[in-house]
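# A look at the structure
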Amino acid sequence: MVRTQVYLTPEEQAALQALSRRTGRSLSELIREAIDAMLTQSAEPERRSRMQQARGLWSDRDDLPDFDALRGESDRAPDAA
């Protein structure tokens with residue numbers, strides 16, 4: 001882990017300390033969890049945008065296999081021996 005200094009308002013510090021006492025978790029753990037949640041939340045719209053841009057990317061290709069037929073092959077029961 002990398003050590004980082006963070007400045008909090010007195011209200012933020014008091015609220016975090018109270019949450020730390022209630023949950024038994026360290027201030028650092030609570031701050032890391034909050035940062036992870038923020039990063040995950042901010043990454044979701046970007047991921048969704050990339051997926052929408054890729055939609056139909058291969059729709060004009062005629063050299064791809066028939067995916068419905070391939071799926072049907074995997075859905076069939078194996079031959080009984």
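Everything here concerns the structure above.
In short, a report on the structure.

The rules behind each value
Residues numbered from 1 in each chain as written. Predicted model: local features only at pLDDT ≥ 70, side-chain atom pairs only at ≥ 80, totals over all residues. Heavy atoms only, no water. 1 Å grid on protein atoms, 1.4 Å probe; cavity = no way out; pocket = protein on both sides within 12 Å on 5 of 7 lines; lining within 4 Å. Points joined across faces, edges and corners; volume = space filled by probe spheres on them. Helix = DSSP H or I, 4+ residues; strand = E, 2+ residues; numbered from the N terminus. Nonpolar A, V, L, I, M, F, W, Y, C, P; charged D, E, K, R; others polar. Salt bridge = Lys/Arg side-chain N within 4 Å of Asp/Glu carboxyl O. Buried < 20%, exposed > 50% of the residue type's maximum accessible area, 1.4 Å probe, protein only.

### Quick word on the layout of surface pockets
Size it by volume and the largest pocket reaches roughly 470 Å³. Together, 13 residues line the largest pocket, and Val-2, Thr-4, Val-6, Ser-28 and Ile-31 are the ones closest to its centre. The greatest single-element share of the lining of the largest pocket, amounting to five residues, is contributed by helix H2 (residues 27-54). Its residues assigned to classes, the lining of the largest pocket shows seven nonpolar, four polar and two charged.

### Brief notes about the pattern of salt bridges
Per the counting criterion, the structure on display carries four salt bridges. Salt-bridge contacts for Glu-29 lead to Arg-25; the nearest nitrogen and oxygen are separated by 3.5 Å. With a closest N to O distance of 3.0 Å, Arg-71 and Asp-68 form a salt bridge. Of this pair, Arg-71 and Asp-68 both sit in helix H3 (residues 67-75), three residues apart, which is roughly one turn of that helix. Classification of Arg-71 as partly exposed rests on a relative accessible area of 49%. The exposure class of Asp-68 is exposed, given its relative accessible area of 59%. One connected set of salt bridges, linked through shared partners, spans Arg-25, Glu-29 and Glu-33.

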